[in-house]
Structure formats: C-alpha cells, structure tokens
Amino acid sequence: MAKRSLQLKEKELATVVTVLFLFGVLLGFLCLKLIAAVAGNEKTWADETYLKQIAGVAPSFDLYLYTVWEKLKHIFIYFLVSLTWLNLPYTAFLVLRQGFLLGYLLTSILPYYNLKGAWLVFSYYFPQALIAVPIWGFCFFLAWNAWKERNTLEYDADNVLGLHKIKLLHLSGKRITALMAACFAESAAEVWIGTWFLQRAIGTLF
C-alpha cells in the first residue's frame with residue numbers, strides 16, 4: 001500500500017510539473033510574438049553579439065567552481081523556501097520559468113536558423129540537462145512531500161523557526177552527498193562538454 005501511494009504521488013507530481021512546463025513554453029512563444037507585434041518587427045531572433053560572446057568563452061576551473069556554487073546555491077535556496085508557505089508557488093515559478101525560457105529560445109531561433117537552430121537549442125541544454133532534470137525532479141519530489149506533511153502537523157509550521165522543520169525534507173546524509181555529487185557532475189558536463197557542443201553549434205550559424 002505504501003509503495004502504491006508513493007507511485008501515485010510521483011505520477012501526480014510529474015503530471016503537474018509537465019503541465020506547468022508546457023504552459024511556460026506556450027507563454028514564451030506568445031511573449032516573443034507579442035513583442036514582435038508591438039515593435040512592428042518580425043525579426044526577433046537571438047542577439048548575434050551575445051551568441052558570439054558565448055562562442056568566445058574558454059572553459060576553466062574557475063568557471064567550473066563558479067558553476068558548482070551557483071547550482072548548489074539555487075538548490076539550497078529552494079529547500080529553504082520549500083519549508084515555508086511559498087513552497088508550491090516557488091516550485092511552480094521555477095518550472096514555468098524553465099518552460100518560458102525554452103519557448104522563448106525556440107521561437108527566437110528555429111524560424112530563422114532551421115536545422116542549425118535546432119542543433120543550437122539542443123546544444124544549449126546537452127549534456128547537462130541529463131543530470132539537471134533528475135536533480136530537480138528529486139528536489140521537487142522532496143518539497144512536494146514536505147508540503148503534504150506540513151498539513152499533518154499539529155502546529156503552524158510558518159510560525160515556527162526551529163531547525164527541526166528541515167526534517168520535513170527527509171534529507172539524509174546520503175541524499176545530501178548524492179545531490180552535491182550530482183551538482184559537481186552537472187557542472188563539469190556543462191562547462192567542458194556542453195560549452196564545446198554549444199560553441200560548435202554557434203560556429204555553424206556564422
């Protein structure tokens with residue numbers, strides 16, 4: 001029974017995240033179209049100067065450490081927020097934001113660069129997305145369960161500042177270690193492999 005309940009929770013979460021993400025993609029598409037209509041300019045492709053700046057970035061250990069720090073910081077902030085009433089709103093914002101960025105990117109690149117644009121969008125997310133999606137999926141699952149568990153508490157969790165609230169996330173030492181290791185791996189994939197793919201993709205455009 002417990003296993004079936006867990007599977008239902010996972011399916012419920014996956015459905016909500018998928019719908020929000022697709023809605024974000026639609027918003028990104030509509031936003032760019034609205035900007036083009038208001039500006040009276042159909043040429044709303046990505047800024048070539050910005051793309052060329054990305055192409056000139058050289059992977060380095062300092063960049064790697066910065067990337068690791070940013071990813072760990074975002075997860076830390078997310079977990080802190082997930083212990084408050086902002087849990088679900090902030091989660092929804094993060095999912096919508098990623099969908100919006102993808103929709104905006106697809107709309108600004110694909111119509112003008114065609115197959116090369118598709119390769120550019122793919123390179124923007126590969127291979128780090130293969131690690132980032134499971135990381136954030138796991139984080140969302142922990143936050144989702146924390147939110148549900150808050151409803152069973154005998155006190156108002158928002159009025160209690162004790163560190164024991166962290167227990168709602170069920171973050172064991174193994175889970176923390178695994179998340180950190182995954183962030184290090186994702187950063188390495190993004191800085192050294194992802195940058196290489198992205199630079200090659202940008203190079204085919206000019």
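For the structure itself, consult the block above.
Residues numbered from 1 in each chain as written. Predicted model: local features only at pLDDT ≥ 70, side-chain atom pairs only at ≥ 80, totals over all residues. Heavy atoms only, no water.

**Things to note about helix H4 (residues 87–125)**
Part 1: With 39 residues, H4 extends only 26 Å from end C-alpha to end C-alpha; this falls clearly short of the ideal 57 Å at 1.5 Å per step.
Part 2: At Asn114, H4 shows its maximal kink, close to 140°. (Helix = DSSP H or I, 4+ residues; strand = E, 2+ residues; numbered from the N terminus. Expected span 1.5 Å × (residues − 1). Bend = angle between axes of the 7 residues up to and from the residue.)

**Some thoughts on the packing of H4 against helix H5 (residues 129–150)**
To characterise two packed helices, one gives the angle between the axes of the helices and the distance between these axes.
Part 1: Running from N to C, H4 and H5 cross one another at 160°; their axes reach a closest spacing of 11 Å. Comparing the axis directions of H4 and H5 gives the class roughly antiparallel. Note on packing geometry: the crossing formed by H4 with H5 is left-handed. Between H4, through Asn87, Leu88, Thr91, Leu94, Val95 and Tyr125, and H5, the contact on the second element is made entirely by Ala129, Trp136, Phe140, Ala143, Trp144 and Trp147.
Part 2: Partitioning the contact of H4 with H5 into residue classes produces 10 nonpolar, two polar and no charged. (Axes fitted to C-alpha atoms, helices over the stretch in contact; angles between N-to-C directions. Parallel < 35°, antiparallel > 145°, perpendicular 65-115°, else oblique. Left-handed = near helix turned anticlockwise from the far one by under 90°. Contact = heavy atoms within 4.5 Å. Nonpolar A, V, L, I, M, F, W, Y, C, P; charged D, E, K, R; others polar.)

**Here's the deal with the packing of aromatic side chains**
Part 1: Tallying each qualifying case throughout the model produces 17 aromatic pairs.
Part 2: On the numbers, 4.9 Å between centres and 20° between planes, the contact of Phe122 with Phe126 is stacked.
Part 3: With a centroid separation of 5.1 Å and an interplanar angle of 80°, the aromatic rings of Tyr124 and Tyr125 are classed as edge-to-face.
Part 4: On the basis of relative accessibility, which here comes to 39%, the residue Tyr124 falls in the partly exposed class.
Part 5: For Tyr125, a relative accessible area of 25% translates into the label partly exposed.
Part 6: Grouped by ring-pair contacts, the aromatic residues Tyr78, Phe79, Tyr90, Phe93, Trp136 and Phe140 constitute a single cluster. (Phe/Tyr/Trp six-rings, centres within 6.5 Å; stacked < 30°, edge-to-face > 60°. Buried < 20%, exposed > 50% of the residue type's maximum accessible area, 1.4 Å probe, protein only.)

**Remarks on the nonpolar core**
Part 1: Grouped together as the largest cluster of nonpolar side chains are 20 residues, with contacts concentrated most on Ile75, Tyr78, Phe79, Ile135, Cys139 and Phe140.
Part 2: Mapped by element, the contributors of at least two residues to this core are helix H3 (61–82), H4, H5 and helix H6 (173–203).
Part 3: Looking at this core element by element, the count peaks at eight residues for H5.
Part 4: With sequence-adjacent residues up to four places away left out, Phe79 is seen in contact with Cys139, Leu142, Leu169, Leu171 and Leu179.
Part 5: Counting residues in hydrophobic clusters, the runner-up holds 12 residues, among them Leu51, Leu105, Val121 and Ile202. (Core = buried A, V, L, I, M, F, W, Y, C linked by side-chain atoms within 4.5 Å.)

**Observations regarding H6**
Part 1: Between its first and last C-alpha atoms H6 spans 43 Å; for 31 residues at 1.5 Å apiece the expected length is 45 Å, and the two agree.
Part 2: The principal kink in H6, of about 40°, is found at Gly194.

**Notes on the packing of H3 against H5**
Part 1: At a minimum axis distance of 10 Å, the contact between H3 and H5 shows a crossing angle of 15°. Classified by the angle between their axes, H3 and H5 sit roughly parallel to one another. In the crossing of H3 with H5, the sense of the turn from one axis to the other is right-handed. Where H3 abuts H5, its residues His74, Ile75, Tyr78, Phe79 and Ser82 lie against Ile135, Trp136, Cys139, Phe140, Leu142 and Ala143.
Part 2: Of the residues in the contact of H3 with H5, the class split is nine nonpolar, two polar and no charged.

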